[in-house]
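Chain residues, written in single-letter form:
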Amino acid sequence: MTRSKPFCLIVLAAAVLTPLTALAEDGLEIPLPSESLVPGILVSGSLSGDETVRYSLSGAQGQVLSIDLNGSVMLPDFLIREANKSEVLFLSSQAAAPVADLALPQPGDYEIEVFLNRAFARQGKAFDYDLAVGLNPPDFADSLAGGPDWWQVNAGQVLTMRAGPSERFTPVGVAEGGVVGRNKGCHMNMGTRWCEVRLAGSGLRGWLPGTALSETAAPLAPEMPEGGPKGNGEPFDATGTIPCATDPAAPTHACPFGVIRAGAGNAGVWVALGNGAERYFLFEGGKLVDSDAASKPVLKQTEDLMKIEAGRERFEMPAAVVTGG
């Protein structure tokens, strides 16, 4: 990848803003001042084509380099490596989210390189981004990587869940006081700890400020009716029975089901048909998009009741099974 002249802006005091902007316009490496990395700084820029931007910093062994990337339309990628070395210590495209918490393996100089993947680069358009960078003491590692298995939103809170660990990220939903969620990991951003949480019941997943969360016990698992489906091995968010039949001439009977939700009408539903057989349905945005039925299923919805026909099989599923309402 070549280096041209991407625009970059570092949100710092005015005394250091001008020289760092000038360096970026010359297409040179941009040093991040060590004294500004605690609690953190925000770097903004724009990339197109094969442009790259490298941010350099120095750290001590064991310090935790915390980074998150946010984009206005599409996300560039970023990597972390030791200066003057080819080995990549972190690559955002191989992570579940563009968020890194890397304990530095040794003292020295490190680079953060931001770039576009080939698909975006070929579009010839500019993509804006901002990059939060923080360097935290070694003792942050355990508190971020560890922590409880479950969080509860503190009483009286009504929190906006975000797509990333900052208010800069898009809202994905709301979490109210008392709701319980599985801890998916925490991250330091500009001196604030954010935690990714998957809410029990709805399956909604997003980031919440750690100050609004308290450790709690796991919620009671829903009880599966006898002969219920096994699903994909993940815990079900809800279980119960729905009317179903495997013969068009036969009346419906109670068939056990289990559902795993992912918020906003996204869910996988497994229905036990008897004799160890089960049927799977995938919903996205409340619409049926996939199934393992031999015949393509047809969904007819009347108010809050979903009627599904798949070959000789038929099912009557309340919409609340999918939405959690």
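Residues numbered from 1 in each chain as written. Predicted model: local features only at pLDDT ≥ 70, side-chain atom pairs only at ≥ 80, totals over all residues. Heavy atoms only, no water.

**Comments concerning the pattern of salt bridges**
In this structure the tally under the stated criterion is 11 salt bridges. Among the ionic pairs, Arg279 bridges to Glu313, the shortest N-O distance being 2.8 Å. Taken together, the residues span a long stretch of sequence, with Arg279 in strand β21 (residues 277–284) and Glu313 in strand β25 (residues 313–318) at a distance of 34 residues. Glu313 gets classed as buried once you look at its relative accessible area, which sits at 12%. A single salt-bridge network, built from bridges that share partners, covers Arg54, Arg81, Glu111 and Glu113. (Salt bridge = Lys/Arg side-chain N within 4 Å of Asp/Glu carboxyl O. Helix = DSSP H or I, 4+ residues; strand = E, 2+ residues; numbered from the N terminus. Buried < 20%, exposed > 50% of the residue type's maximum accessible area, 1.4 Å probe, protein only.)

**What about the pairing of strand β23 (residues 298–302)?**
Bridge analysis of β23 against strand β24 (residues 305–310) gives 5 bridges, and the strand direction is antiparallel. Each residue of the ladder has a partner; that of Thr302, found in β24, is Leu305. Taken together, β23 and the strand that follows it, β24, pair antiparallel across an intervening segment of 2 residues, in which Glu303 is found at a positive phi of about 50°. (Pairing = 2+ DSSP bridges.)

**Overview of the confidence of the model for the protein**
Per-residue confidence for the protein averages 87 on the pLDDT scale, and 89% of its residues sit at or above 70. For residues 1–27, every residue scores under 50 in pLDDT, and the model assigns this stretch 58 contacts once sequence neighbours within four places are set aside. (pLDDT = per-residue confidence, 0-100. Contact = heavy atoms within 4.5 Å.)

**Details of the sheet that holds strand β9 (residues 108–115)**
Sheet architecture is open: 5 strands sit in the order β2-β4-β9-β6-β7, paired in mixed fashion. Each edge of the open sheet is held by one strand with a lone partner, namely β2 (30–31) and β7 (88–91). Across 3 bridges, strand β6 (residues 77–82) lies against β7 in antiparallel orientation. Residue pairing across strands places Ile80 opposite Phe90, the latter belonging to β7.

**Describing unusual backbone geometry**
For the bond running from Val38 to Pro39, omega is 10°, close enough to zero to count as cis. Assignment of secondary structure puts Pro39 in the loop between β2 and β3 (41–47). Even without being a glycine, Met190 presents a positive backbone phi close to 55°. Its location among the elements puts Met190 in the loop between β14 (180–189) and β15 (192–199). In this structure Met190 comes out as partly exposed when scored by relative accessible area, which is 36%. In the Ramachandran plot, Asn275 falls in the positive-phi region, its phi being about 55° despite a non-glycine side chain. The residue Asn275 is located in the loop between β20 (267–274) and β21 in this model. We classify Asn275 as exposed; its relative accessible area is 88%.

**Regarding the pairing of strand β10 (residues 127–136)**
Across the 10 residues of β10, 9 count as buried, placing the element largely inside the fold. Note that β3 and β10 share 7 bridges and pair antiparallel. Across the sheet, residue Gly45 finds its bridge partner in β10, namely Tyr129. As paired strands, strand β5 (residues 64–71) and β10 are joined by 8 bridges and run antiparallel to one another. From the neighbouring strand, Leu69 faces β10, where its bridge partner is Leu131.

**Focus: the packing of aromatic side chains**
Summed over all chains, the structure comprises 5 aromatic pairs. Where Phe281 meets Phe315, the ring centres are 5.1 Å apart and the plane angle is 75°; that geometry is what we call edge-to-face. On the criterion of sequence distance, the pair formed by Phe281 in strand β21 and Phe315 in strand β25 is long-range, its members being 34 residues apart. For Phe315, a relative accessible area of 1% corresponds to the buried category. Put simply, the rings of Phe236, Trp270 and Tyr280 pair up and form one aromatic cluster. (Phe/Tyr/Trp six-rings, centres within 6.5 Å; stacked < 30°, edge-to-face > 60°.)

**With respect to the side chain of Arg261**
With respect to the helices and strands, Arg261 occurs in strand β19 (residues 253–261). Buried and without a salt bridge, Arg261 has Asp237 as its closest oppositely charged side chain, separated by 5.6 Å. At 3.0 Å, the side chain of Arg261 forms a polar contact with the backbone oxygen of Val321. (Lys, Arg positive; Asp, Glu negative; His and termini not counted. Polar contact = N/O pair within 3.5 Å; in protein donor to acceptor, adjacent residues only side chain to side chain.)

**Some points on the environment of Gly178**
Counting through the fold element by element, Gly178 comes out in the loop between β13 (171–176) and β14. Here Gly178 falls in the partly exposed class, since its relative accessible area comes to 37%. Separated by 26 residues in sequence, Gly178 and Gln152 have C-alpha atoms that sit 5.8 Å apart. In contact with Gly178, not counting residues within four places along its chain, are Gln152, Val153 and Asn154.

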